[in-house]
Amino acid sequence: MPDNFRQFLRLLEPDNIFLPKDIVARKDISEHTKIMLGVIFTKYRFDPDEKVRQALEKLSDDDIAAEFGNNPAIINRIHSDVKKYLSTL
């Protein structure tokens, strides 16, 4: 099986998360935010960039709580970090 095809199959595996390396390298956003961004990027990995941006802009407290529980500090930090990330796009 060619390596390109193996890489493609890995992207489709449900246990993998797609996270661009420019996000992984950022020191100004929390690890929780990086995971949340990864969840969104993975969910919309085959959609246009504009749809991903809209998903990030519409990120709700419930979306975050589904991943990390209902912790107000984490929820507020993720909202703040996502706004910071969107401002760099």
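What counts as what
- Residues numbered from 1 in each chain as written.
- Predicted model: local features only at pLDDT ≥ 70, side-chain atom pairs only at ≥ 80, totals over all residues.
- Heavy atoms only, no water.
- Patch = residues over 30% accessible without salt bridge, like charges linked within 9 Å, V, L, I, M, F, W, Y side chains within 5 Å.
- Areas by Shrake-Rupley, 256 points an atom, 1.4 Å probe, with all protein chains shown as cover.
- Salt bridge = Lys/Arg side-chain N within 4 Å of Asp/Glu carboxyl O.
- Lys, Arg positive; Asp, Glu negative; His and termini not counted.
- Charge placed at Lys NZ, Arg CZ, Asp CG, Glu CD.
- Helix = DSSP H or I, 4+ residues; strand = E, 2+ residues; numbered from the N terminus.
- Buried < 20%, exposed > 50% of the residue type's maximum accessible area, 1.4 Å probe, protein only.
- Expected span 1.5 Å × (residues − 1).
- Arc of directions from axis to C-beta.
- Contact = heavy atoms within 4.5 Å.
- Polar contact = N/O pair within 3.5 Å; in protein donor to acceptor, adjacent residues only side chain to side chain.

Novice: Can you break down a negative patch on the surface residue by residue, with the values?
Specialist: A contiguous patch of negative charge on the surface is contributed by Asp-61, Asp-62, Asp-63 and Glu-67. Tracing the sequence through the fold places Glu-67 in helix H5 (residues 61-68). Glu-67 gets classed as partly exposed once you look at its relative accessible area, which sits at 42%.

Novice: Summarise helix H6 (residues 72-87); cite the residues concerned and give the values.
Specialist: Spanning 16 residues, H6 covers 23 Å between terminal C-alpha atoms, matching the ideal 22 Å at 1.5 Å per step. Within H6 the residues assigned to the buried category are Ile-74, Ile-75, Ile-78, Asp-81, Val-82, Tyr-85 and Leu-86. For H6, the angular spread of buried residues about the axis comes to 135°, placing them on one side. Exposed positions of H6 whose direction lies more than 90 degrees from the buried face are Pro-72, Ala-73, Asn-76, Lys-83 and Ser-87. In this fold, the buried residues of H6 make contact with helix H2 (21-24), helix H3 (31-43), helix H4 (49-57) and H5. Capping the start of H6 is the job of one residue whose side-chain oxygen sits 3.0 Å from the backbone nitrogen of Ala-73: Asn-71.

Novice: Explain H4 to me, and be specific about the residues and the numbers.
Specialist: Of the residues making up H4, those classed as buried are Val-52, Ala-55 and Leu-56. On an axial view of H4, the arc spanned by its buried residues comes to 100°, and they lie on one face. On the buried face of H4, the contacting elements are H3 and H6.

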